[in-house]
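# Fold and contact review
Here's the letter readout for the chains.
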Amino acid sequence: MHKILVVDDETSIVTLLKFNLEQNGFEVITASDGLEAIEQVKKESPDVIVLDLMLPKMDGMDVARSLRLDKIHTPILMLTAKDDELDKILGLEIGADDYMTKPFSPREVVARVRAILRRINLESHTEEVDETIQIGELTLDLTNYSVYKNDKKIELTKKEYELLVYLAKNNQRVLSRDQLLNGIWNFDFDGDTRIVDVHIGKLREKIEDNPKSPKYIHTVRGFGYKMEYSDE
């Protein structure tokens, strides 16, 4: 039985989500503020966190940021009353795996939780034929989830790493933004592909000698991106 942590300061929402998740076979624990959420994560080790953005004591963004800084990579489904693109991008950038705005259907929350768990299960059972991928000066160590450039380790967020690996496994193949959304985030972003551009920009800052003249990740105008090393 998968354990889900629901974090919200609105009792009615916690009760509603707890009931629907339990009806679908999940064990549910709860927290009503950000500090309690962090305590519950460290104490209970949930499989997924359903996390409200607006919380007392510590908001959802700070909770997610604190967990990721502590190297706790429990998947986060972030809930918020704000339907703001920048909030969405920031939440995903600091480590949330999915994002929903209120009001929402409890059934959709259950479906999103299941989708996250399916992705994790697939990742954990995927056998890597090659333990490393070498492209130009980049080395992707798939066993240890590490990336090096000229033997110097590059610090990436979880999503940046997943995006880089996805591009590298499709080396020299043009990928649309929708393909990257489905491949990395595993859900439809309702046509909003800016999150891909944001992560590509962050990746270029970390792996390219000159992000404005990339050698690795190339923009294919009107379509998407392609990983192809060119030392020119």
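The present account deals with the structure reproduced in this document.

Cut-offs applied
- Residues numbered from 1 in each chain as written.
- Predicted model: local features only at pLDDT ≥ 70, side-chain atom pairs only at ≥ 80, totals over all residues.
- Heavy atoms only, no water.
- Helix = DSSP H or I, 4+ residues; strand = E, 2+ residues; numbered from the N terminus.
- Buried < 20%, exposed > 50% of the residue type's maximum accessible area, 1.4 Å probe, protein only.
- Contact = heavy atoms within 4.5 Å.
- Pairing = 2+ DSSP bridges.
- Salt bridge = Lys/Arg side-chain N within 4 Å of Asp/Glu carboxyl O.
- Axes fitted to C-alpha atoms, helices over the stretch in contact; angles between N-to-C directions.
- Arc of directions from axis to C-beta.
- Phe/Tyr/Trp six-rings, centres within 6.5 Å; stacked < 30°, edge-to-face > 60°.
- Polar contact = N/O pair within 3.5 Å; in protein donor to acceptor, adjacent residues only side chain to side chain.

### Quick look at the overall build of the protein
Counting secondary structure elements, the protein contains eight helices and twelve strands. In the protein, buried positions account for 50% of the 232 residues. Considering only contacts within the protein whose residues lie at least 6 apart along the sequence, 55% involve residues at least 24 apart.

### Observations concerning the pairing of strand β8 (residues 146-149)
Two faces make up the sheet, and in a regular strand the side chains alternate between them. Note that strand β7 (residues 138-141) and β8 share four bridges and pair antiparallel. Paired with L140 across the strands is V147, a residue of β8. Between β7 and β8, which pair antiparallel in sequence order, lie four residues; one of them, Y145, sits at a positive phi of approximately 55°. Of the pairings in the sheet, the one linking β8 to strand β9 (residues 152-154) comprises three bridges and is antiparallel in character. When the bridges of β9 are listed, K149 appears paired with K152. Hairpin connection between β8 and β9: a loop of two residues separates the two successive antiparallel strands, and N150 in this loop has a positive phi of roughly 50°.

### Some remarks on the pattern of salt bridges
A pair can form between side chains of opposite charge whenever their charged atoms are brought close. Here the structure, examined in full by the defined rule, presents 20 salt bridges. One salt bridge connects D70 with K42, and the closest N-O pair in it is separated by 3.5 Å. Separated by 28 residues along the polypeptide, D70 in the loop between α3 (60-69) and β4 (76-80) and K42 in helix α2 (residues 34-44) bring together distant segments of the chain. A relative accessible area of 40% means that D70 is categorised as partly exposed. Among the salt bridges present, the one from D209 reaches K215, with a minimum N-O distance of 3.5 Å. By relative accessible area, which is 54% here, D209 ends up exposed.

### Quick look at the sheet that holds β9
Strand order across the open sheet formed by four strands is β6-β7-β8-β9, with antiparallel pairing between neighbours. Across the chains shown, the open sheet's two edge strands, defined by having one partner strand only, are β6 (132-135) and β9. The mean inter-strand angle of the sheet, taken between neighbouring strand axes irrespective of direction, is 25°.

### Some remarks on the environment of V110
As for its placement among the helices and strands, V110 is situated in helix α5 (residues 106-125). Each C-alpha atom, one on V110 and one on L17, is 8.4 Å from the other, the two residues being 93 residues apart in sequence. Discounting chain neighbours no more than four positions away, the residues touching V110 are N20, L21, N24 and F26.

### Let's talk about the sheet that holds β4
With parallel pairing, the five strands of this open sheet are ordered in space as β2-β1-β3-β4-β5. Two strands close off the open sheet at either side, each with one partner strand: β2 (27-31) and β5 (98-101). Neighbour-to-neighbour, the strand axes of the sheet open up by a mean angle of 20°, direction not taken into account. The strands touched by helix α1 (residues 11-23) within the sheet are β1 (3-7), β2, β3 (48-52) and β4, with β2 carrying the most contacts at an inclination of about 165°.

### Focus on helix α7 (residues 177-185)
All of the buried residues in α7 are L180, L181, I184 and W185. With its buried residues spanning 105° around the axis, α7 presents them on a single face.

### Here we look at the packing of aromatic side chains
Summed over all chains, the structure comprises two aromatic pairs. When the centroid spacing of 6.0 Å and the interplanar angle of 70° are considered together, the rings of Y145 and Y161 count as edge-to-face. Here Y145, found in the loop between β7 and β8, pairs with Y161, found in helix α6 (residues 158-169); they are 16 residues apart in sequence, far enough to count as distant. You can call Y145 exposed: its relative accessible area is 62%.

### Thoughts on α2
Taken together, the buried positions of α2 are G34, A37, I38, Q40 and V41. The buried residues of α2 all sit within an arc of 160° when viewed along its axis, so they share a single face. Exposed residues on α2 whose side chains face more than 90 degrees from its buried face are E39, K42 and K43. On its buried face, α2 sits against β1, β2, β3 and α3. Looking at where α2 begins, the residue whose side-chain oxygen comes 3.1 Å from the main-chain nitrogen of L35 is D33.

Structural measurements only, silent on function.
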